[in-house]
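An overview of the molecular structure
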Amino acid sequence: MRPVLVAVALIALWEAVVWLGGVPHYILPPPSIVAQEFVGRGDLLAEHAAWTLIEIAAGLVLGVALGGATALAMARFGRLRAWGMPLMVISQAVPVFAIAPLLVLWLGYGLASKIAMATLVIFFPIASAFYDGLRRVDPGWLDLARMMDAPPLSVLLRIRLPAALPAFASGVRVAAAVAPIGAIIGEWVGASAGLGYLMMQQLARGQTALAFAALVVLCVIGVALYFLADALLRRAMPWVPHAA
Amino acid sequence: MRPVLVAVALIALWEAVVWLGGVPHYILPPPSIVAQEFVGRGDLLAEHAAWTLIEIAAGLVLGVALGGATALAMARFGRLRAWGMPLMVISQAVPVFAIAPLLVLWLGYGLASKIAMATLVIFFPIASAFYDGLRRVDPGWLDLARMMDAPPLSVLLRIRLPAALPAFASGVRVAAAVAPIGAIIGEWVGASAGLGYLMMQQLARGQTALAFAALVVLCVIGVALYFLADALLRRAMPWVPHAA
Amino acid sequence: ADKVTVLLDWFLNPDHAALVIAKTQGFFEKQNLDVSLTVPADPSAPPKLVAAGKGDYAVSYQPQLHMFVAPERASEALPLVRIGVLVPQPLNALVSLANGPIKTIADLKGKKVGYSVAGFEDAILAAMLETAGLTLKDVTLINVNFALTTALKSRQIDAVIGAFRNFELNDLEIEKLKGAAFPVEDFGVPVYDELILVARRDGLDIDRTRRLLAALREATAWLRANPAAAWDAFAAYGGKEVANELNRRAWQDTLPLLASDPASLDRTRYARFAAFLKARGLIKRDVPLESYVQEIK
Amino acid sequence: MAAPAIRLRGGRVLFEGTALFDGIALDLPAGRTTCLLGPSGVGKSSLLRVVAGLLAPEPGATLAADDGMPLAGRIAYMAQTDLLLPWLDVLANATLGARLRRDPAAHAAARQRAAGLLQEVGLGERLAARPATLSGGMRQRVALVRTLVEDRPVVLMDEPFGALDAISRLQLQDLAARLLAGRTVLLVTHDPLEAARMGHRIHVMAGAPATLDAALELPAAPPRDVADPMVLATQAELLRRLAEATAA
Amino acid sequence: MAAPAIRLRGGRVLFEGTALFDGIALDLPAGRTTCLLGPSGVGKSSLLRVVAGLLAPEPGATLAADDGMPLAGRIAYMAQTDLLLPWLDVLANATLGARLRRDPAAHAAARQRAAGLLQEVGLGERLAARPATLSGGMRQRVALVRTLVEDRPVVLMDEPFGALDAISRLQLQDLAARLLAGRTVLLVTHDPLEAARMGHRIHVMAGAPATLDAALELPAAPPRDVADPMVLATQAELLRRLAEATAA
Ligand SMILES: Nc1ncnc2c1ncn2[C@@H]1O[C@H](COP(=O)(O)OP(=O)(O)OP(=O)(O)O)[C@@H](O)[C@H]1O
Ligand SMILES: Nc1ncnc2c1ncn2[C@@H]1O[C@H](COP(=O)(O)OP(=O)(O)OP(=O)(O)O)[C@@H](O)[C@H]1O
Ligand SMILES: [Mg+2]
Ligand SMILES: [Mg+2]
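Residues numbered from 1 in each chain as written. Chains lettered and ligands numbered in written order. Predicted model: local features only at pLDDT ≥ 70, side-chain atom pairs only at ≥ 80, totals over all residues. Heavy atoms only, no water.

Put simply, the rule reads: UniProt positions are given in the numbering used here, feature names are shortened, and annotations may be inferred rather than shown by experiment.
Under an unreviewed UniProt entry, the name given to chain A is ABC transporter permease, and the source organism is Vineibacter terrae. On record in UniProt, under Subcellular location (unreviewed entry), the comment for chain A is "Cell membrane".

Rendered as structure tokens:
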């Protein structure tokens, strides 16, 4: 119920901004016009959305897996941190257009280079937040594990990991929300399908209404992913307090 | 000491990739050549770096402040969450180049629109992680505060906030690492200076080495910000365990 | 059939008409070529990828070619040769609103000029300004990226450089605005080829290239003869996202500008433009002409 | 601010469908200390939390002060765990109430009072220590001081001396009894001797659903001497009741 | 696996520059229970953590088993807080050691043993409960079971019965004494009666820097009866020593 209300309110606000703010339609088309694109080009949008969804899904799966594994590896092997952290940060700070040709060179024009990009964007929030969580564990538990002769891997997987799940969840939530951006950046590398491609192409030639229709689909995907991740993660951690 | 080693190792790796991988210099120039640009065009790089640093600094300050305030507001006013969260997620999922013209329309081509962009990118990791932390508080402390007739604002600022600082720190670390990208996206909107601008321009001119020199400066800024934030935040929270 | 990859410079648009028609109407097939067209998002990437062997031909711009083959550092030079042309004249123009303050180049003094980074806009603009006794210092250059016409329409800036006369004017017209175009070649910039085809210099397959160009020549002739059918074929190939009003209008304006003979080469254009860029400081080295243009007879 | 009597009737608390207690009745006489003993897990803490208003009983229960005024704002609460805030030092933790209520004058007074009390409980030299550097008993003492600094007419305490050694426990009982005189107190404890020293009324809670027995009423004012025969007799009687409760 | 005697000499621990204890010597005779009492904050837990190897004393100290084998891997440890993992249920918490060591056979055996012990401590029906739904005493009982399930020749316990009511405490002391027979045990406690019932040797720790007095040695095997005159005499003597220690 509530999300619907929020959506309605947002759309009303958007319409109002356009009309009252006197924003020209080629800069921000009002929802009433964007809606026409949904009706008229629904199939086109669906087709491109399917591509983007594949990229997002693959990017999320890979990004979460890689980010999680990296955080675990850094928590397990102290040495790795000194080397891994700067690398990870660099992987974030590098703008995509600079390394896009490199990716194409190595991964080709197919889905692989796009998924690599999406993965890169999603990877860092997860790895960083999860690693933070893994470091921040009640020292009493570690003492206990030590007295129980727990092998380091057990300590990592059975104590640090569950204790860090809330932090991991924070990372996943951020990642779910940025995943659409990840896919778009992926499409940067060279694409002939996908919502990002559609949007850039339309924007590049001033076809704003269709571009914003694609944008709306992207936003819906992002928001849906966020709340899906939120719900799943909360269910997976019934012991974590969730005071409003 | 260690960071220096890491840097040296990275540079060696980069050089090796170029030579052993047979990567052409116009796609990835080797560090030995990029280094020459630092010598030859140090002043040019410094000039553009100054712009970008201003954008990053302003974006970080604003993003952290806004993200922090948003998280606090949502934690304080339960209602706000139902409305605010989708909005926040949307703010992340919207690719910046779609709304860039809108920002320019409202903020002009000056520094303002760039800072707005950078702020937007930094805002979400902070707000999301911090809000997560604010929700996740020992219920016993909340009971205690309730029995002490603590006004909601006090509970927020004196219990939830310090308890959520580690989560906030996670967000700030991610934000510090993505801040350079934020600035670049800002320069996207319309710029005539800055490292992102310089990089794009030099890439278009085939001056790859100079473009990568700018990229290196950006990465250094990102890594430095990350570790600076890390050190400051650890010092600010001496009570939080930081097991390696 | 020989598998051939052509990297476009930019999203699919009527400038690529010959390529699309040659593909859809079987002219490539007739030359025993199986061509796939790939779209990048960054126009500076395709030549590099072709130079690196990822793709056989790239759509590029003449000024871009000059800069890519003659960067300051010889090790960064792209081993490219121009083997053909799609649009043998400049499309680039300075565009402002017809009812706006810019009636002549001289009116640009103290104004904001937008551009989308291509690397050479400052040189072009500087040359144009000099015809009115101005210099780059008299204007503010702003990179507006994708939003050339949007920036113009919203009156955030006063003129844009790097607009294509066959697109941006139509774009304005669709919004019921009239644009004024100042063609660059009329204001002190030497004539050059806007859209060219480049290939990797080493191991260039002359025979295959000849067949490619032949297919393009046939396609151009065919689409000039059958403009309506050609548009339908183009629209069908591009899909709904391409078959829009803007591209339909641009189609009309673009057909006459396409190269009748994609293999043709005017060497003096290249020598002259290289000199122009060198004088403007955008290239610092002289590179022998024959190392980066090749006429396929 | 006179201490009110408190009356709970029909208290019913369910956890996962089964009743922890059902229709329990509890009277806390004004200005008196009521002690609550009972086997571990019987529901003592839960009952205390009901009185505190932190655990809502099923509808139908009534909880009220005899002066007709709301209870909220008149209760100081000490939970079974110390609940110290790890980022605050000892003194700041002890004055948490005043800090949270943001009243500078009250805060200054609370600091004064807390510093004095911390001295009395043997932590005078650890005012600036962080909780993580304290021993278990020290943490409990800080929590006790925090509760006493609140200076409320009603005080609810859940095993306030459980982590202390035998001697400190007696000393702090004396201190607490002195400061709690005239207040309405509910004290949950495991130690029959403690109940016999501190309580005006002593209940043993037992059974599932749990019920309260008839209270033992003790005339003399607390804190009573450990060697007082009445105290020892009461301790023995409580042990007997407890043993019975545990056997059931 | 015979229980070794343990010998600590020259133990010195500094916190923030001041010595908590300096050159302390502790002997844990093989197969015997040594109890440690002392005022709150004197350093009992720290000494126990030194023996556990969790707190490194200053260089120069020696800590060794008399059989010459390393201590690591032979100690079960129960801290002053319960340290239950909130995401595991009661049974899983009680078998944490086997889970961490990833030995399926041992794990199955541990489950068997833990289920039986949990039944004995009154938690037989809460095997699947999460720690957050347990009372304080219940949590402590789970921690106790977890320690006993470890089945190690050396057992170090820090106030294992502190959160229990008087009767359950006696019962669990009996249970623990039975299961700890023949092991080398160090038991930190606040309760002189507990020490008198459970200990073969009892030390009172006092002073700053803290020192250990000459141990009280008790002949009869634990658990001793509460009504045993020797137990009561020991309790009285310990109280006297404690009072002295606290006064100092
Ligand atoms: N990490 C630490 N940093 C500084 N001081 C510490 C630290 N841990 C313990 N101490 C100090 O050492 C002293 C002894 O602590 P310890 O926990 O050993 O006491 P204890 O005898 O077990 O007390 P209790 O009976 O209250 O549990 C205390 O004064 C405590 O403040
Ligand atoms: N949140 C909860 N969810 C489910 N059961 C709970 C919850 N809180 C308490 N209980 C159950 O209620 C019962 C009573 O708990 P309570 O803490 O009141 O006991 P207690 O008498 O204080 O015990 P102790 O002396 O050990 O502190 C226990 O069986 C406990 O498991
Ligand atoms: Mg309790
Ligand atoms: Mg202790």
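1. Examining the overall build of chain A
Note the following rule: Helix and strand definitions here come from DSSP, where helices need a minimum of 4 consecutive H or I residues and strands a minimum of 2 consecutive E residues; each element is numbered from the N-terminal end. Between buried and exposed lies partly exposed: a residue is buried under 20% and exposed over 50% of the maximum accessible area for its type, with that area taken using a 1.4 Å probe on protein chains only. Only heavy atoms enter the contact rule, under which two residues are in contact if any of them lie within 4.5 Å. Calculation of accessible area relied on Shrake-Rupley with a 1.4 Å probe; when residues are assessed, cover is drawn exclusively from the protein chains displayed.
Counting its regular elements, chain A contains 10 helices and zero strands. Taken from the N to the C terminus, the helices and strands of chain A come in the order α-α-α-α-α-α-α-α-α-α. In chain A, buried positions account for 62% of the 244 residues. For chain A, contacts bridging at least 24 residues in sequence account for 73% of all contacts bridging at least 6. Taken as a whole, chain A presents about 8,600 Å² of accessible surface, with 74% of it coming from carbon and sulfur.

2. Notes on the layout of surface pockets
Where we set the bar: Only protein atoms enter the calculation, which uses a 1 Å grid: trapped sets of points that fit a 1.4 Å probe without letting it out are cavities, open sets showing protein on both sides within 12 Å along at least five of seven lines are pockets, and any residue with an atom within 4 Å of a point is a lining residue. Grid points are joined across faces, edges and corners, and a volume is the space filled by probe spheres set on the points. Ten residues, namely Ala, Val, Leu, Ile, Met, Phe, Trp, Tyr, Cys and Pro, are considered nonpolar, four, namely Asp, Glu, Lys and Arg, are considered charged, and the remaining ones, Gly among them, are considered polar.
Estimated volume of the second largest pocket: approximately 1,700 Å³. For the lining of the second largest pocket, the elements supplying multiple residues, two or more each, are helix H1 (2–20), helix H2 (31–40) and helix H10 (208–236) of chain A together with helix H3 (42–76), helix H4 (78–93), helix H5 (96–107) and helix H6 (111–135) of chain B. Considering each element in turn, the lining of the second largest pocket owes the most residues, 11 residues, to H4(B). Residue composition of the lining of the second largest pocket, grouped by class: 41 nonpolar, five polar and two charged.

3. As for the side chain of E:Arg152
For clarity, the threshold we go by: Pairs of N or O atoms are called polar contacts if they sit within 3.5 Å, as long as, within protein, a hydrogen donor faces a hydrogen acceptor (for residues adjacent in sequence, only side-chain-to-side-chain pairs).
By the secondary structure assignment, E:Arg152 is in the loop between helix H5 (136–149) and strand S6 (154–158). A distance of 3.2 Å separates the side chain of E:Arg152 from the backbone oxygen of A:Met147, its partner in a polar contact. In this structure the side chain of E:Arg152 is engaged in a polar contact, spanning 3.3 Å, whose partner is the backbone oxygen of E:Gly73. For E:Arg152, the residues in contact, after removing those within four places along its chain, are A:Met147, A:Met148, A:Asp149, E:Gly73, E:Arg74, E:Ile75, E:Ala76, E:Arg101 and E:Arg183.

4. Section: the environment of E:Leu180
All names here are of chain E. Secondary-structure assignment places Leu 180 in helix H6 (residues 166–180). Between the alpha carbons of Leu 180 and Asp 225 there is a distance of 17 Å; along the sequence they are 45 residues apart. Setting aside residues up to four positions removed in sequence, Leu 180 forms contacts with Leu 148, Val 155, Met 157 and Val 185.

5. Quick notes on helix H5 (residues 121–130) of chain C
For H5(C), the buried fraction is high: nine of the 10 residues fall into the buried class. Of all the residues in H5(C), the buried ones are C:Glu121, C:Asp122, C:Ala123, C:Ile124, C:Leu125, C:Ala126, C:Ala127, C:Met128 and C:Leu129.

6. Focus: the interface of chain C and chain A
Stated precisely, the cut-off is as follows: Note on definitions: buried area is the accessible-area loss of two parts on being combined, 1.4 Å probe, summed for both. The working definition used for a salt bridge is a side-chain nitrogen of Lys or Arg within 4 Å of a carboxyl oxygen of Asp or Glu.
Of the residues lining the interface, 27 residues belong to chain C; the matching set on chain A comes to 25 residues. In total, about 2,600 Å² of surface goes out of reach between chain C and chain A, with carbon and sulfur atoms giving 60% of it. On the chain C side of the interface with chain A, the three residues burying the most area are C:Phe11, C:Lys240 and C:Glu241, jointly 24% of the side's total. Taken together, the connections running from chain C to chain A amount to zero salt bridges. On the surface where chain C and chain A come into contact, there are zero residue pairs in polar contact (both at pLDDT 80 or more). Among the secondary structure elements, those contributing two or more residues to the side of chain C that touches chain A are helix H3 (45–51), helix H6 (148–153) and helix H7 (168–174) of chain C.

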